[in-house]
Protein chains: 2
Amino acid sequence: MKLKRTHNCGELRIEDSGKDIVLNGWVENYRDHGGVAFIDLFDRWGLTQVVFDPQVAPEAHAVAHTLRSQFVIAIEGEVRARPEGMANPNMDTGDVEVYVKSFELLNKSATPPFDVQHSEDVNAETRLVHRYLDLRGKKLQNNMIFRSRVTGMIRNYFLGNDFVEVETPILTKSTPEGARDYLVPSRVNPGNFYALPQSPQLFKQSLMIAGFDRYFQIARCFRDEDLRADRQPEFTQVDLEMSFVNRDDIMGMLEGLFKDLMKDLFDKDLKLPLPRITYDDAMMKYGCDAPDLRFDLEIVDCSDVFRESGFGVFKNAIAAGGFVRSINLKGAADKLSRKDLDEMTPFIKPFRGKGVAWIKMNEDGPQSPIVKFFTDEESKALYEKMGAEKGDVLIFVADQEKVVCQSLAALRDHMAKKLGLVDENELNFSWVIDFPLFEKDDEGNPTSVHHPFTAPRPEDEHLLDTDVFKVKTNAYDLVLNGNEIGGGSVRIHDGEMQAKIFSLLGISDDEAKEKFGFLLDALKFGAPPHAGLALGLDRIMMLFLGTDSIRDVIAFPKTQKATCMMTDAPGVVAEAQLDELGIELALIEEDDD
Amino acid sequence: MKLKRTHNCGELRIEDSGKDIVLNGWVENYRDHGGVAFIDLFDRWGLTQVVFDPQVAPEAHAVAHTLRSQFVIAIEGEVRARPEGMANPNMDTGDVEVYVKSFELLNKSATPPFDVQHSEDVNAETRLVHRYLDLRGKKLQNNMIFRSRVTGMIRNYFLGNDFVEVETPILTKSTPEGARDYLVPSRVNPGNFYALPQSPQLFKQSLMIAGFDRYFQIARCFRDEDLRADRQPEFTQVDLEMSFVNRDDIMGMLEGLFKDLMKDLFDKDLKLPLPRITYDDAMMKYGCDAPDLRFDLEIVDCSDVFRESGFGVFKNAIAAGGFVRSINLKGAADKLSRKDLDEMTPFIKPFRGKGVAWIKMNEDGPQSPIVKFFTDEESKALYEKMGAEKGDVLIFVADQEKVVCQSLAALRDHMAKKLGLVDENELNFSWVIDFPLFEKDDEGNPTSVHHPFTAPRPEDEHLLDTDVFKVKTNAYDLVLNGNEIGGGSVRIHDGEMQAKIFSLLGISDDEAKEKFGFLLDALKFGAPPHAGLALGLDRIMMLFLGTDSIRDVIAFPKTQKATCMMTDAPGVVAEAQLDELGIELALIEEDDD
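Residues numbered from 1 in each chain as written. Chains lettered and ligands numbered in written order. Predicted model: local features only at pLDDT ≥ 70, side-chain atom pairs only at ≥ 80, totals over all residues. Heavy atoms only, no water.

Caption draft 1: Focus on the overall build of chain A. A tally of regular secondary structure across chain A gives 17 helices and 23 strands. For the C-alpha atoms alone, the extent of chain A along its principal axes is close to 95 × 75 × 55 Å. The buried share of chain A, taken over its 593 residues, is 58%. Sequence-distant contacts in chain A: of pairs separated by 6 or more residues, those separated by 24 or more amount to 67%. Taken as a whole, chain A presents about 24,900 Å² of accessible surface, with 47% of it coming from carbon and sulfur. Looking at charge distribution, chain A has the averaged site of its 69 positive side-chain charges lying 2 Å from that of its 101 negative ones. (Helix = DSSP H or I, 4+ residues; strand = E, 2+ residues; numbered from the N terminus. Buried < 20%, exposed > 50% of the residue type's maximum accessible area, 1.4 Å probe, protein only. Contact = heavy atoms within 4.5 Å. Areas by Shrake-Rupley, 256 points an atom, 1.4 Å probe, with all protein chains shown as cover. Lys, Arg positive; Asp, Glu negative; His and termini not counted. Charge placed at Lys NZ, Arg CZ, Asp CG, Glu CD.)

Right, here's the structure in full:
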């Protein structure tokens, strides 16, 4: 290329008028206005109007009409103020235009399969196949630039707080994070496999034992799961760990990070400390452990009211060990039609909910299919408990606790959106704390709520021998607008306690030794008290950018079938490669499901 | 833990005397001096002398003797100036000691398998098995902290220069970097495999086509090679690419980086621009494309002198298309024994060198087994060409060019060390430029010197049709003390040129489409001129830290058998996992070799 740019396409201003400059960039469009041709030339930094005037440069003008969208050109010319009334206040460079004196065609472009600046409605497959074009559009490009900037800020925050960034292995051993591992056959050790890490958990604990004191890493992690819309086979985690700390030290360190980010990115002052809610409270009041606190709509337990009720559905649910819980949709009576209310029942089907009861507190008295079964005392007690007033709508689910919680949590989010209670511009952070150490698996045996390296609260240790499901932890999840964006815990630093937890989890000594032998070993040699956390960087980017697709924050994402449409990965490989690895294909006919 | 530190173990100074403070850390050693016990307590930041005095705290003193090396403790006590004459000027905290008032045992330690602060002579396997202990030693810990710091500086340099850091996929498709790929079977797409990237080459070019203009990434890369001492299955690359630039822009950007690093890390002023040497010159003068320029010892071609020589070895080598080349070991006659000179011949065996001839320019005339075969004219012409004076030693290799180059390059390094010409503290940077585009493979066909995306120099494009091996590129390698620490090139941005290069490389249209179809596609849609480079971060850390083992700069390295001794990766996996992946083992009995 002969014409090397002196400026980018976003920086020329009225003060530059009269200068001879060179721009390099892509042609956005071509307009011919009575013999004078206009081109919008763009690059990463912006867009500048370029003028081909036959009186200024007849040669350049003569070929200008051959330029097409996405051609790459270099132009040399003079910056001029736009004529009176022609300035464009919506463009940074809108006060000027460049009169071309000479130009150089750097590359042609075939007609793109879609308009790179307006690809929203193009089908996803075409966009993914031509990802390099979709990324040329302002939206995705700005998302990636934003991600780079935020990631840099996160790194510098931790480096500035004496954290050491350590790269931990990608070719490693299976870790028990609950999902399937991606495996990598070893050629040098035939019959053996590496696993790609689901998290650097054991490495970061090793680093604490090694005395690094403060570790972080922006770490690539992998899960071979069946993908949901917001999952990718590989994802990025802000991973950190600290020694000689307790729960509040970790939470404080993270609060400092988000305070800085909110200020620098959005010029908002995050009020610290962030609200904290216990796991038990969150489950009771919001039906889930990652509640959206941008709105209230608290769940209230009314089981006491209906224990002896004549309304069999409620009474029987309670008698079967379940609960009757309700949300007061304050002032919603006018806003919800009978259809809206009836549609709630199918909405909770995925959670095995059987039905949603409702009471509309109309001007002329309660309207409901169920109030007729209540005694006056029950109605009175209910309205008092729920703070029900004229204009409100009460909704009810009566069932086993898990069904009630999941159904009402989903209805709470659904109704908040429907009733316009959600401020889409708000970023609402909170902590959920005091998680149980164990929950019951399908057979009723203990399984870790977080992971097997989470320490019980010291004051609950005695319960390990008597009532394991009552043991709480100093674990903490960071929640943003109803999404868990991070989670962590105080870890076990005592080898005997770690062995005990493995044993409670039904992990035999042999299995523990095989899988975590080195951790049990390491804990013998002076492990300091330590705690840590991991943030889901992709999720945070989605929430900060206000997008609901993870593909909008990852440069080269995979589809739900875990394929990359651009490179066509994964692909078949040569027989010889498999031979070298000591493996062969053993494909089974697919079942109908 | 009850006693949370107020200070770290490296920060107490004489000004802190009188303060009540808390330290947390590891016990380094225990000394009993007539009833008063001393402990060196250490953490990442340093070491503080802690005193258990029975008069100050009888209870603490009574248990102090139970403390062992690597126990983790918290102590609360008073900072006092050390007594007159007892200060230790070699320690940052050497002016003070802390008189313990109370202490807390945070964790015990079994007797470690080696002294964590002095593990140099411990066998490598023991150190790798207990990597968390080896990393607790100052040397490795400081290496990792240094690496974190330098990596942060590199990142901020590129971010500050408007580069966008983009994470590219780890689960991707095979790229043709010349080494074996690690493969990952896809469960969702049975029979298909991801490859772990050998570099993000195609992704960064895609990002240039997408208009990102300036990209960088600290990228994990993978090569399934048989490992040498300085290779690891996974390694880290500072990967970058720029658009609308030429070779000098990339070189200038990198020179700015290293100037900053040299200043900030070593307080040295790097003189810019760095020396540049063409590939042809490097091969002629130093016998290799990554010469160590900390010393001279240039290779000189003497073939003209001996073309008709009576010394058959030289004459015949030349007649067979080879060369006679020599290095003048200036003033080395006194320093090299006959044994030293005779040992050169076995030294070049690995390069298929058959022998090294030598002439010692003694006070009483040349001493050599070969001068007797030279005519006077030959001797005169030789000494003149070589600038040979009394006290010098000339060494010769006569053979085919490749053998001559490799042999003399190795001898040059070897002799420079032997003669003490290497300043171990110098960091000597240079560029090697103007690489050939192709070299001959074993069958004499063209194969890429860098990779198939390297552009020919525009002025050499016409040679593609006539003499491909004469085509040079605008590729550039950055060399530090004889090690290639980075390399890159101006890329092909024209689809037709790319197709032509594939074709010259014997890659069929079908294969090109299968492997790089998306790149050929992408090049159709307005690819800008672009160029880039990748730095080997591990190698740079080694050179900066002056270590000759890559394991010293990687937290959790693998052995030459590609295993992790700490986690015992890779490992066997369950049959069910392989079933899910649609593969099975097909192990073959190992051959004797």
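Caption draft 2: Inspection of the pattern of salt bridges at higher detail. Following the criterion strictly, the structure yields 90 salt bridges over all chains and no others. Salt-bridge contacts for K204 of chain A lead to E241 of chain A; the nearest nitrogen and oxygen are separated by 3.5 Å. Taken together, the residues span a long stretch of sequence, with K204 of chain A in helix α5 (residues 201-209) and E241 of chain A in strand β10 (residues 234-243) at a distance of 37 residues. Residue classification places E241 of chain A among the buried residues on the basis of a relative accessible area of 0%. Linking R457 of chain B and D460 of chain B is a salt bridge whose minimum nitrogen-to-oxygen distance equals 3.1 Å. For R457 of chain B, a relative accessible area of 17% corresponds to the buried category. By relative accessible area, D460 of chain B is classed as buried at 7%. (Salt bridge = Lys/Arg side-chain N within 4 Å of Asp/Glu carboxyl O.)

Caption draft 3: Up close: the UniProt feature "site: Important for tRNA non-discrimination" (unreviewed entry) in chain A. Residue and element names in this part refer to chain A. Sequence positions flagged by UniProt for "site: Important for tRNA non-discrimination" (unreviewed entry) are, in local numbering, H33 and G85. Among the structural elements, G85 can be located in the loop between β4 (72-81) and β5 (96-107). You can call G85 exposed: its relative accessible area is 75%. (UniProt positions renumbered as here; feature names shortened; annotations may be inferred.)

Caption draft 4: Up close: the sheet that holds strand β3 (residues 46-52) of chain B. All names here are of chain B. Here we have five strands rolled up into a closed barrel, ordered β1-β2-β3-β5-β4, and mixed in their pairing. If you compare each strand with its neighbour and ignore which way they point, the axes differ by 55° on average. Pairing analysis gives seven bridges linking strand β2 (residues 36-43) to β3, with the strands arranged antiparallel. The residue bridging L41 from the neighbouring strand is T48, located in β3. (Pairing = 2+ DSSP bridges. Axes fitted to C-alpha atoms, helices over the stretch in contact; angles between N-to-C directions.)

Caption draft 5: The relation of the copies chain B and chain A, seen in detail. Here chain B sits on chain A after a turn of 180° about the axis and a move of 0.0 Å along it, with an RMSD of 0.1 Å. Interpreted geometrically, this transformation is the action of a two-fold axis. When the interface residues of chain B are mapped onto chain A, 99% of them again fall at the interface, so both copies present the same face. (Least-squares fit on C-alpha atoms with pLDDT ≥ 70 in both.)

Caption draft 6: Here's a closer look at the packing of aromatic side chains. Applying the stated criterion across every chain, the model contains 47 aromatic pairs over all chains. With centroids separated by 5.0 Å and ring planes inclined at 70°, the aromatic side chains of F158 of chain A and F163 of chain A adopt a geometry described as edge-to-face. The pair F158 of chain A / F163 of chain A is uniform in exposure class, with both members buried. Ring centres of F306 of chain A and F374 of chain A lie 4.8 Å apart, and the angle between their planes is 45°; on these two criteria the pair is classed as tilted. Of this pair, F306 of chain A sits in helix α8 (residues 303-306) while F374 of chain A sits in the loop between β15 (365-367) and α12 (376-386); the two residues are 68 residues apart in sequence, bridging distant segments of the chain. Over the ring of F323 of chain B we find R325 of chain B; its NZ or CZ atom is 4.5 Å from the centre of that ring. (Phe/Tyr/Trp six-rings, centres within 6.5 Å; stacked < 30°, edge-to-face > 60°. Lys NZ or Arg CZ within 6 Å of the ring centre and 35° of its normal.)

Caption draft 7: Looking closely at helix α7 (residues 279-286) of chain A. All names here are of chain A. Among the residues making up α7, those that are buried are Y279, A282 and Y286. Buried positions in α7, seen along its axis, are confined to an arc of 70° and lie on one side of it. Looking at the packing, one finds that the buried side of α7 touches β11 (276-278), β12 (299-301), α13 (401-418) and β17 (429-433). Directly after α7, the chain includes G287, whose backbone phi takes a positive value near 75°. (Arc of directions from axis to C-beta.)

Caption draft 8: Just the side chain of T345 of chain B, in detail. All names here are of chain B. Among the secondary structure elements, T345 is positioned in helix α11 (residues 344-347). On the basis of relative accessibility, which here comes to 19%, the residue T345 falls in the buried class. Those residues within four positions of T345 in sequence are excluded, and the remaining contacts are K354, G355 and V356.

Caption draft 9: Spotlight on the interface of chain B and chain A. Every contact between the two is made by 120 residues of chain B and, on the other side, 119 residues of chain A. Summed over both sides, the interface of chain B with chain A buries roughly 10,600 Å², with 59% coming from carbon and sulfur. Inspection of the chain B/chain A interface yields 16 salt bridges. Ionic pairing is found between K4 of chain A and D249 of chain B, a salt bridge with its closest N-O pair at 2.3 Å. Between chain B and chain A we count 66 residue pairs in polar contact (both at pLDDT 80 or more) in total. Note: strand β23 (residues 583-585) of chain A against strand β23 (residues 583-585) of chain B, three bridges, orientation antiparallel. When the bridges of β23 of chain B are listed, L585 of chain A appears paired with I583 of chain B. (Buried area = accessible area lost by both parts, 1.4 Å probe. Polar contact = N/O pair within 3.5 Å; in protein donor to acceptor, adjacent residues only side chain to side chain.)

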